[in-house]
Amino acid sequence: MRFLSLLQVDIDKKIEEAPDSWYEIGVVIGSYLPFVVLVGIAYAIYHYNRKKRG
């Protein structure tokens, strides 16, 4: 569990220290993109297995 706490990023702090609005957008996209990719992979695996089964 300690490993996960090392990966946790303080997004609010990064946004406050952002030099401009483009950096803020990059921080938000960079923080949500891995989650979206993992959800997409999980759905693809689910869809593949569902199609294969029935």
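Procedures and definitions
- Residues numbered from 1 in each chain as written.
- Predicted model: local features only at pLDDT ≥ 70, side-chain atom pairs only at ≥ 80, totals over all residues.
- Heavy atoms only, no water.
- Helix = DSSP H or I, 4+ residues; strand = E, 2+ residues; numbered from the N terminus.
- Buried < 20%, exposed > 50% of the residue type's maximum accessible area, 1.4 Å probe, protein only.
- Areas by Shrake-Rupley, 256 points an atom, 1.4 Å probe, with all protein chains shown as cover.
- Phe/Tyr/Trp six-rings, centres within 6.5 Å; stacked < 30°, edge-to-face > 60°.
- pLDDT = per-residue confidence, 0-100.

## A word on the overall build of the protein chain
And then number 1: When you go through the protein chain residue by residue, the secondary structure sums to three helices and zero strands.
And then number 2: Along the protein chain, helices and strands appear, N-terminal first, in the series α-α-α.
And then number 3: Here the protein chain holds 54 residues, and the buried ones make up 4% of them.
And then number 4: Taken as a whole, the protein chain presents about 5400 Å² of accessible surface, with 64% of it coming from carbon and sulfur.

## Thoughts on the packing of aromatic side chains
And then number 1: According to the stated counting rule, one finds one aromatic pair in the structure shown.
And then number 2: Both rings, one in tyrosine 43 and one in tyrosine 46, keep their centres 6.3 Å apart while their planes meet at 45°; by these two values the pair is tilted. Taken together, the residues tyrosine 43 and tyrosine 46, both in helix H3 (residues 21–53) and three residues apart, mark about one turn of the helix.
And then number 3: We classify tyrosine 43 as exposed; its relative accessible area is 52%.
And then number 4: Residue classification places tyrosine 46 among the partly exposed residues on the basis of a relative accessible area of 48%.

## A look at the confidence of the model for the protein chain
And then number 1: This prediction gives the protein chain a mean pLDDT of 82; 81% of its residues lie at or above 70.
And then number 2: Predicted confidence in the protein chain is weakest over helix H1 (residues 2–7), with a mean pLDDT of 53, and strongest over H3, with 91.

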